[in-house]
Amino acid sequence: MSLDQVRHLEQRFGSGVYPQRDLLIVRGLGAVLWDEKGRAYLDMGANYGVANVGHCHPKVVAAITQQAQRLIYVSPTFLNDQRALMLQRLASTMPAGSGLVRAFPCNSGAEANEAAVKFAVAATGRTGLVAAKRSYHGRTLAALGLTFNPKYRSVVRDLIPKVTHVTYDDPEALKGAVSKETALVILEPLQGEGGIHVASAEYLRTARDLCIDHGALLAFDEVQCGLGRTGRMWACEHAKVSPDLLSLSKSIAGGLPMGALMMTEQVAAAMPKTGHGSTFSGNPLTAAAALAVLDVLEHDHLIEHAAHEGAHLLFSLRRLADELPIGREGRGMGLMCALELRKKCSPYLNALVGAGIIALPAGATVIRFLPPLVISREQLDEAIGALERVLRSEVSESGGDAEG
Ligand SMILES: *Cc1c(COP(=O)(O)O)cnc(C)c1O
């Protein structure tokens, strides 16, 4: 199909909620995507952090293919070998001593955070919710309540639960918000959509202590920053602080839809049987894919690679922030980094696409990089070189705003 035909059909029959790039992507491998004409693009955003092990990793493709021939679906009300192994394997990846040994598998990040709200309310008998400003936790109703951005909330504002939003990385603000009514405090250890902001270890520790003191539960949303991206399996490991609930999704099943809420024995015990559920929870196909992804992360040493290459990326972005008049700040951790500009970023993102580089926005002025963890030094340097050229040249201000 041609670009024109595909654009026509998507615009005619889609709901219209996505601001779409005029790019038809038909194939992917590793850190590279191809359009219908065979033109290659370096996927420096891993398509919003989904392709941590790269696109179409051969081991993930093989696992999905084999499982699809055996059994695609069976309800979570039956036992299944792939689900059992996936649950055991997920628990084994959790921070040492965290006690996050049980999982509710689901299909997305928003669903994992919806589950966090329900399990926290069930475990505490309270309904108070605390989240951070600039946070992003998804678009279903409870998750949307946790999400800060008024642009996303305004459509259904009267339907979503009340949430207290406090300034991120400010321990005093958190102290003023957590009380005996608080069921859940939810934080991204490293904010993604909000502009790539890293919380201090002190802040996460304050959140941990406050929740213990007030009998509230602490959740870390690691949907974007988890699974090796920051150079540790879980971003909260950098601060040596463990939550009672941890949500994950995006890259866990190599591009198949999956999320999971990890929880302690105590939290799991508080939810009555049939208190929560979902048809596709822990289905054999995504479970097999998740097992393959976790194997690849380990055997290909992708987490160490993310730490190493991430340091190079951050160093390069900080250099550009210093050297270029348009640069404001380079920040991030591992392969989750950003360059904040003194101008709107969308013209530069469009110019990058012209140079064969797909990066992401994170707010109006922030260019975000979440490359696949399989990215090579040569590919990173190609992207950094293109970024420098684009930022040094005059770009036109036209072109639609990319989302993010
Ligand atoms: C993407 C994201 C979500 C929402 O995940 P969906 O699968 O889109 O529902 C939640 N939290 C964070 C931190 C995210 O980056």
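Whatever comes next refers back to the structure up there.
Report on the accompanying structure. (Residues numbered from 1 in each chain as written. Predicted model: local features only at pLDDT ≥ 70, side-chain atom pairs only at ≥ 80, totals over all residues. Heavy atoms only, no water.)

### A closer look at the packing of aromatic side chains
Tallied over the full model, the rule gives four aromatic pairs. Ring centres of Tyr73 and Phe280 lie 5.4 Å apart, and the angle between their planes is 70°; on these two criteria the pair is classed as edge-to-face. Residue Tyr73 is found in the loop between α3 (58-70) and α4 (81-93), and its partner Phe280 is found in the loop between α10 (265-270) and α11 (284-299); the two are separated by 207 residues along the sequence. The exposure class assigned to Tyr73 is partly exposed, which follows from its relative accessible area of 31%. The exposure class of Phe280 is partly exposed, given its relative accessible area of 46%. Centre to centre, the rings of Phe104 and Phe119 are 6.4 Å apart; their planes meet at 45°, and the pair counts as tilted. With Phe104 in strand β4 (residues 102-106) and Phe119 in helix α5 (residues 109-124), this residue pair connects regions lying 15 residues apart in the sequence. With relative accessibility at 6%, the residue Phe119 sits in the buried group. Taking NZ or CZ as reference, Arg27 lies 4.2 Å from the ring centre of Trp34, over its face. Over the ring of Tyr152 we find Arg139; its NZ or CZ atom is 3.9 Å from the centre of that ring. (Phe/Tyr/Trp six-rings, centres within 6.5 Å; stacked < 30°, edge-to-face > 60°. Helix = DSSP H or I, 4+ residues; strand = E, 2+ residues; numbered from the N terminus. Buried < 20%, exposed > 50% of the residue type's maximum accessible area, 1.4 Å probe, protein only. Lys NZ or Arg CZ within 6 Å of the ring centre and 35° of its normal.)

### Details of α11
With 16 residues, α11 extends 22 Å between its outermost C-alpha atoms, agreeing within 8% with the 22 Å of an ideal straight helix rising 1.5 Å per residue. Of the residues one or two after α11, His301 is the one with positive phi, at around 50°. (Expected span 1.5 Å × (residues − 1).)

### Points about unusual backbone geometry
Unusually for a residue other than glycine, Ala46 sits at a positive phi of about 45°. The residue Ala46 is located in helix α2 (residues 46-49) in this model. In the Ramachandran plot, Lys240 falls in the positive-phi region, its phi being about 55° despite a non-glycine side chain. The class for Lys240 is exposed, based on a relative accessible area of 73%.

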